[in-house]
Structure formats: C-alpha cells, structure tokens
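Descriptive structure summary
The lines below spell out each chain.
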Amino acid sequence: MSTVRLEDTQWTKIRAFLEADPNTCIGKNEEECRRFVEAVLWISRSVSQWRLLPTEYGKWNSIFKRFSRWCDQGVWERMLVHFAGDPDMENGMIDSTVVRAHPCAAGAQKKWRSRSTSVGT
C-alpha cells in the first residue's frame with residue numbers, strides 16, 4: 001500500500017486539536033508528530049501489522065509505543081469526539097438495507113406461466 005499523506009488543511013485541523021491537548025507531541029517537533037499521525041493512519045487503512053510499517057514513518061516499535069500511550073491517555077477518543085461534528089464530506093456511503101430493488105435483482109425465481117397444449121381444442 002502506498003504511503004498516507006495528510007493534506008495541509010487536514011493537518012492544520014489536527015495540529016490545532018493536538019496543541020490544545022497536554023498529552024500529545026506537538027510542542028516538541030511538528031514534523032515528527034505529523035509523521036506519527038500519518039503512520040497511525042497507514043496502519044489503520046492497511047490493516048497491517050506494526051512490524052510492516054514503512055521505515056519512512058519511523059521505527060515501528062516507537063510508533064506503536066506512542067500509539068499505545070495515546071490510547072491509554074484517551075487522546076484518540078477525544079480526537080474522535082472533537083472531529084465527529086466536523087465531517088469532511090469527502091466520501092458518501094449508501095446503506096443497502098434501505099435501497100429497494102426489484103425481486104429479480106436479488107435472485108428471486110421468475111414466475112413463468114406454462115402454456116396449455118390444449119389451446120383451441
């Protein structure tokens with residue numbers, strides 16, 4: 001899977017949240033913190049093992065330890081709550097349980113009327 005890069009507008013919003021949170025890394029090195037967030041996004045999108053994290057994001061074990069610390073401190077949960085009210089509307093999804101389709105589209109058997117051979121006799 002290719003690398004994950006945040007757009008500058010996305011990073012600006014995330015950075016503003018992280019600057020307000022005392023348990024994050026933003027004050028030390030902004031580029032390193034951005035690379036860390038991108039690494040976590042890569043892991044979550046690829047559903048890969050931590051050991052397979054591309055080296056351009058940093059050492060997988062260091063990234064994992066920081067990720068775990070943020071989990072324990074509730075940073076990810078607060079971030080989710082913070083951004084839940086600000087949808088980016090980049091993607092739209094349709095729940096197929098409410099989309100109506102004709103029965104034959106779902107594989108229903110067709111109803112055939114058999115013709116009688118005794119027509120007109």
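Below is a short write-up of the structure. Quantities reported herein were computed from a predicted structural model and do not represent experimental measurements. Starting from 1, residues in each chain are numbered consecutively following that chain's sequence as written. This being a predicted model, a pLDDT of at least 70 is required before a residue's local features are given, and a value of 80 or more before pairs of side-chain atoms are given or counted; all residues contribute to the totals for chains, interfaces and linings. Excluded from the side-chain calculations are hydrogens and water; all other atoms, namely the structure's heavy atoms, are used.

What follows is about the packing of helix 2 (residues 30–46) against helix 3 (residues 60–73). Where helices are involved, their axes are fitted lines through C-alpha atoms of the stretch in contact, as for all axes, and angles between N-to-C directions lie from 0 to 180°. Strands are runs of DSSP state E lasting at least two residues, helices are runs of H or I lasting at least four, and both sets are numbered from the N terminus onward. Running from N to C, helix 2 and helix 3 cross one another at 85°; their axes reach a closest spacing of 10 Å. The pairing of helix 2 with helix 3 is recorded here as roughly perpendicular in orientation. Two secondary-structure elements touch here, helix 2 through E32, C33, F36, A39 and V40 and helix 3 through I63, R66, F67 and W70. Side-chain classes follow a simple rule in which Ala, Val, Leu, Ile, Met, Phe, Trp, Tyr, Cys and Pro form the nonpolar group, Asp, Glu, Lys and Arg form the charged group, and the remainder, Gly included, forms the polar group. Among the residues forming the contact of helix 2 with helix 3, the class breakdown is seven nonpolar, no polar and two charged. Any angle from 65 to 115 degrees is called roughly perpendicular, while one under 35 is roughly parallel, one over 145 is roughly antiparallel, and all others are oblique. Contacts were defined at the residue level, with two residues in contact if any of their heavy atoms lie within 4.5 Å.

As a further point, take the packing of aromatic side chains. The geometry of two aromatic rings is summed up by the distance between their centres and the angle between their planes. By convention, a stacked pair of Phe, Tyr or Trp rings (six-membered ring in the case of Trp) has centres within 6.5 Å and planes under 30 degrees apart, an edge-to-face pair has planes over 60 apart, and any other such pair is tilted. Across all of its chains, the model carries seven aromatic pairs by this definition. Their ring planes at 65° and their centres at 5.5 Å tell us that W50 and F64 sit as a pair that is edge-to-face. Note that W50 is positioned in the loop between helix 2 and helix 3 and F64 in helix 3, a separation of 14 residues in sequence. Residue W50 is classed as buried on the basis of its relative accessible area, which comes to 16%. Buried means the residue's accessible area, taken with a 1.4 Å probe over protein chains only, is under 20% of the maximum for its type, while exposed means over 50%, and partly exposed covers the values in between. According to the relative accessible area criterion, F64 is partly exposed, its value standing at 32%. Residues W50 and F67 carry aromatic rings whose centres are separated by 5.2 Å and whose planes lie at 45° to one another, so their mutual orientation is tilted. In this pair, W50 sits in the loop between helix 2 and helix 3 while F67 sits in helix 3, placing the two residues 17 residues apart along the sequence. Accessibility expressed as a relative area gives 23% for F67, which makes it partly exposed. In this structure an aromatic cluster arises from ring pairing among F36, W50, F64, F67, W70 and W76. Lysine and arginine charges are scored as sitting over a ring when NZ or CZ, respectively, is within 6 Å of the ring centre and within 35 degrees of the ring normal. In this structure, R66 is placed above the aromatic ring of F36, and the distance from its NZ or CZ to the ring centre is 4.9 Å.

Structural measurements only, silent on function.
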